[in-house]
Amino acid sequence: GGKCGKANGIMKEFEEKCRTPAAKLKLVADAMTVEMHAGLASEGGSKLKMIISYVDNLPTGDEKGTYYALDLGGTNFRVLRVHLGGKGVGLINQEFAEVSIPPHLMTGTSDALFDYIAAELAKFVSQESEEFKLSPGRQRELGFTFSFPVMQTSINTGTLVRWTKGFSIDEMVGRDVVEELSRAMAKQGLDMSVSALVNDTVGTLAGGRYTNKDVVAAVILGTGSNAAYVERAQAIPKWHGVPSKSGEMIFEKMISGMYLGEIVRRVVLRMAQEAAFFGDTVPPKLEVPFALRTPDMSAMHHDTSSDLKVVETKLKDILEISSTSLSMRKTIVELCNIVATRGARLAAAGILGVLKKMGRDAAKDGDKQKTVIAMDGGLYEHYAEYSKCLENTLEELLGEELFKNIVISHSNDGSGIGAALLAASHSKYL
Ligand code: ADP
Ligand code: MG
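Residues numbered from 1 in each chain as written. Chains lettered and ligands numbered in written order. Predicted model: local features only at pLDDT ≥ 70, side-chain atom pairs only at ≥ 80, totals over all residues.

An unreviewed UniProt entry annotates the protein as Phosphotransferase of Citrus unshiu. What UniProt states about the protein under its Sequence similarities (unreviewed entry) heading is, verbatim, "Belongs to the hexokinase family." (UniProt positions renumbered as here; feature names shortened; annotations may be inferred.)

Colleague: Could you clarify how one ought to interpret the sheet that holds strand β5 (residues 140-146) in this entry?
Modeller: Strands belonging to one sheet form pairs held by backbone hydrogen bonds; the direction of such a pair is parallel or antiparallel. Strands sit in the order β4-β3-β2-β5-β8 across an open sheet of five strands; the sheet is mixed. Across the chains shown, the open sheet's two edge strands, defined by having one partner strand only, are β4 (91-100) and β8 (192-198). Within this sheet the neighbouring strands show an average axis-to-axis angle of 20°, counted without direction. Pairing between β5 and β8: six bridges, direction parallel. Each residue of the ladder has a partner; that of T145, found in β8, is V198. (Pairing = 2+ DSSP bridges. Helix = DSSP H or I, 4+ residues; strand = E, 2+ residues; numbered from the N terminus. Axes fitted to C-alpha atoms, helices over the stretch in contact; angles between N-to-C directions.)

Colleague: Please explain the packing of helix α7 (residues 260-275) against helix α8 (residues 294-301) as it appears in this structure.
Modeller: Two measures define how a pair of helices packs: the angle their axes make with one another and the distance between the axes. Following both chains from N to C, one finds α7 and α8 inclined at 70°, their axes separated by 7 Å at the closest point. In terms of axis orientation, α7 runs roughly perpendicular to α8. Side by side, α7 and α8 meet where L260, G261 and V264 of the first sit next to T294, D296 and M297 of the second. Among the residues forming the contact of α7 with α8, the class breakdown is three nonpolar, two polar and one charged. (Parallel < 35°, antiparallel > 145°, perpendicular 65-115°, else oblique. Contact = placed C-beta atoms within 7 Å. Nonpolar A, V, L, I, M, F, W, Y, C, P; charged D, E, K, R; others polar.)

Colleague: Explain the site of ligand 1 to me, please; I cannot follow it from the model alone.
Modeller: Around ligand 1 there are 14 residues in total, and G74, G222, S298, G378 and H382 lie nearest to it. The set of elements that each furnish at least two residues to the shell around ligand 1 consists of α8 and α11 (378-382). Residue-level mapping places the shell around ligand 1 at the junction of two domains, with at least three residues from each of domain 1 (1-50 + 212-411) and domain 2 (54-198). (Near = placed C-beta within 6 Å. Domains from an automatic or database assignment.)

Colleague: Hey, could you run me through the nonpolar core in this one?
Modeller: What tends to happen in soluble globular proteins is that the nonpolar side chains get buried as a cluster. Core analysis: the largest hydrophobic core is formed by 115 residues, its most contacted members being F144, A217, A348, A420 and A423. Per-element tally for this core: the top contributor is helix α10 (residues 326-357), with 16 residues. The residue makeup of this core includes at least three contributed by each of domain 1 (1-50 + 212-411) and domain 2 (54-198). Excluding residues within four positions of it along the chain, A348 makes contact with L25, L390, T393, L394 and L397. (Core = buried A, V, L, I, M, F, W, Y, C linked by C-beta atoms within 7 Å. Buried ≥ 20, exposed ≤ 12 C-beta atoms within 10 Å, placed from the backbone.)

Colleague: How should the pairing of strand β7 (residues 157-160) be read in this particular structure?
Modeller: One face of the sheet, then the other: side chains in a regular strand alternate in exactly this way. Across four bridges, the pairing between strand β6 (residues 150-154) and β7 is antiparallel. Paired with V150 across the two strands is L160, which belongs to β7. Taken together, β6 and the strand that follows it, β7, pair antiparallel across an intervening segment of two residues.

Colleague: Would you mind showing me how to read the environment of G88 here?
Modeller: By the element assignment, G88 lies in the loop between β3 (76-85) and β4. Judged by the 7 C-beta atoms lying within 10 Å of it, G88 falls in the exposed class. Remark: the alpha-carbon pair of G88 and T164, spanning 76 residues in sequence, is separated by 40 Å.

Colleague: Mind showing me how you'd approach helix α2 (residues 22-41) here?
Modeller: In an α-helix, one turn spans 3.6 residues, which is why side chains three or four residues apart end up on the same side. The terminal C-alpha atoms of α2 lie 29 Å apart, and with 20 residues this matches the ideal 28 Å at 1.5 Å per residue to within 8%. When we look at burial in α2, the residues that qualify are L25, A29, M32, M36, G39 and L40. Summarising the axial view, the buried residues of α2 lie within an arc of 90°, below the 170-degree limit, and thus occupy one face. In α2, the exposed positions that point more than 90 degrees away from the buried face belong to A23 and L27. (Expected span 1.5 Å × (residues − 1). Arc of directions from axis to C-beta.)

Colleague: Looking at this structure, how should I read the domain arrangement of the protein?
Modeller: Interfaces are frequently sized by the accessible area removed from exposure as the parts join. As assigned here, the protein comprises domain 1 (1-50 + 212-411) and domain 2 (54-198). Between the C-alpha centres of domain 1 and domain 2 there is a distance of 29 Å.

Colleague: Got a minute to help me understand helix α12 (residues 384-398) in this structure?
Modeller: For α12, spanning 15 residues, the distance from its first C-alpha to its last is 21 Å, which sits close to the expected 21 Å at 1.5 Å a residue. Taken as a whole, α12 has its buried residues at Y386, S387, C389, L390, T393, L394, L397 and L398. Projection of α12 onto a plane perpendicular to its axis shows the buried side chains occupying an angular sector of 160°, all on one side. Across from the buried face of α12, at angles greater than 90 degrees, the exposed residues are A384 and K388. Looking at the packing, one finds that the buried side of α12 touches α2, α10, α11, α13 (400-403) and β13 (406-410).

Colleague: Sorry if this is basic, but what is going on with the UniProt feature "domain: Hexokinase N-terminal" (unreviewed entry) in the protein here?
Modeller: As annotated by UniProt and renumbered to match this structure, "domain: Hexokinase N-terminal" (unreviewed entry) occupies residues 11-210. With 34% helix and 28% strand, residues 11-210 has its two end C-alpha atoms placed 46 Å apart.

Colleague: Looking at this structure, how should I read the packing of α2 against α10?
Modeller: Across the interface, α2 lies against α10 with an axial gap of 8 Å and an inter-helix angle of 45°. As judged from the angle between their axes, α2 and α10 are oblique. Our pair here, α2 against α10, has a crossing hand that is right-handed. Two secondary-structure elements touch here, α2 through L25, V28, A29, M32, T33 and M36 and α10 through R345, L346, A348, A349, G350, L352, G353, K356 and K357. By residue class, the composition of the contact of α2 with α10 is nine nonpolar, three polar and three charged. (Left-handed = near helix turned anticlockwise from the far one by under 90°.)

Colleague: Would you take a moment to explain the pairing of β3 for this structure?
Modeller: Among the ten residues in β3, seven count as buried, and that is most of the element. Bridge count for strand β2 (residues 64-72) against β3 is nine bridges, and the pairing is antiparallel. Counted as the bridge partner of T66 is H83 from β3. A loop of three residues connects β2 with β3, the two strands running antiparallel in sequence. The pairing of β3 with β4 spans nine bridges and is classified as antiparallel. By the bridge assignment, L84 is partnered in β4 with L91. What sits between β3 and β4 in their antiparallel hairpin is a turn of five residues, with G86 showing a positive phi close to 90°.

Quick look at the structure:
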């Protein structure tokens, strides 16, 4: 009938707007390469932030000793301890603890947040086993993964530009996050220094490189999405600091977060309002921003039951929409597919942009050099349809032959271990 036709019309219009043919994605990748150049040329030269990481020493595998890491980037934080055996030995042992951040600390004071973190860290340090104790007189060293926008001023200093992901502690903005952490650690009587301040992408790059020399870029698809890659120091006109020993510098580019579940909700809401998709009234829960989370969207998208039971349950439990027909549920799954496909294909275009900037998108004579991209993040890890589509799209864009040299490798918790490795490769005792 008419109502069904109208909902279909909204779907078709939306699908059309989400179309990402290969030709368009190639333009996106080219535009991104251009913006990356501009972002490297001058501060504020592009809306694409090209943030200097100050990491000019990626782990080699020869690092030795006990190092710590603290990974703060969402609602949980993790503390880690790694034992590195040195050349030819590698990672001997890793231990970690995960602690959730009480919501009131995300919007309270800087002291309250860092005192809490430092206390948990001190607890973790106190469980250090005898066998891995540091030699007397040597201070423990920590890599700090802080996945918020930071204007870095050295490998272990940087000021918070703004909070994201639900945090808002205004007094922290503009302050050095390492100083805040160090002060809190001292208050706890914890003898530890911060050797490296890194973003999760940079940590993942370091973690990936430690186990595979061919890792040259890292991409995080989690709550937000961003990437880091190794750039030649000469290719960074805005870099006026001391020349780096290795001649390389790692850069990070940030893309705004993709709120897939929220996009789905908005389209369904429009279908409810304009096409009476759920009958005469609009389900109130459907009007709540961010009511539909991406993991729920992904669960619906992956529903393989013939009657789409998961979709039915999710709609009932989350949006309080009961009595849905199979055809309505099919429409919802199709919508999830449109939104996920668009996101994954654009992410692939972004990766192609980075590959182009690194000159790894074209065949060189007899070049069998592998390019490995370390990937991590909850979206990539858990949304199978999304990651599958991303990889297929990259192959479509590069072509089968070139794609053979590209390896996308899941770097499980690279950001935490990577930060500890960077603490080792930037140790003050070297
Ligand atoms: P971050 O460190 O950026 O906070 P994570 O890497 O921990 O993010 O990933 C968390 C994000 O991953 C969630 O915000 C969610 O969007 C996504 N996610 C988690 N689980 C799933 C899932 N099962 N399906 C799809 N997306 C998921
Ligand atoms: Mg993270």
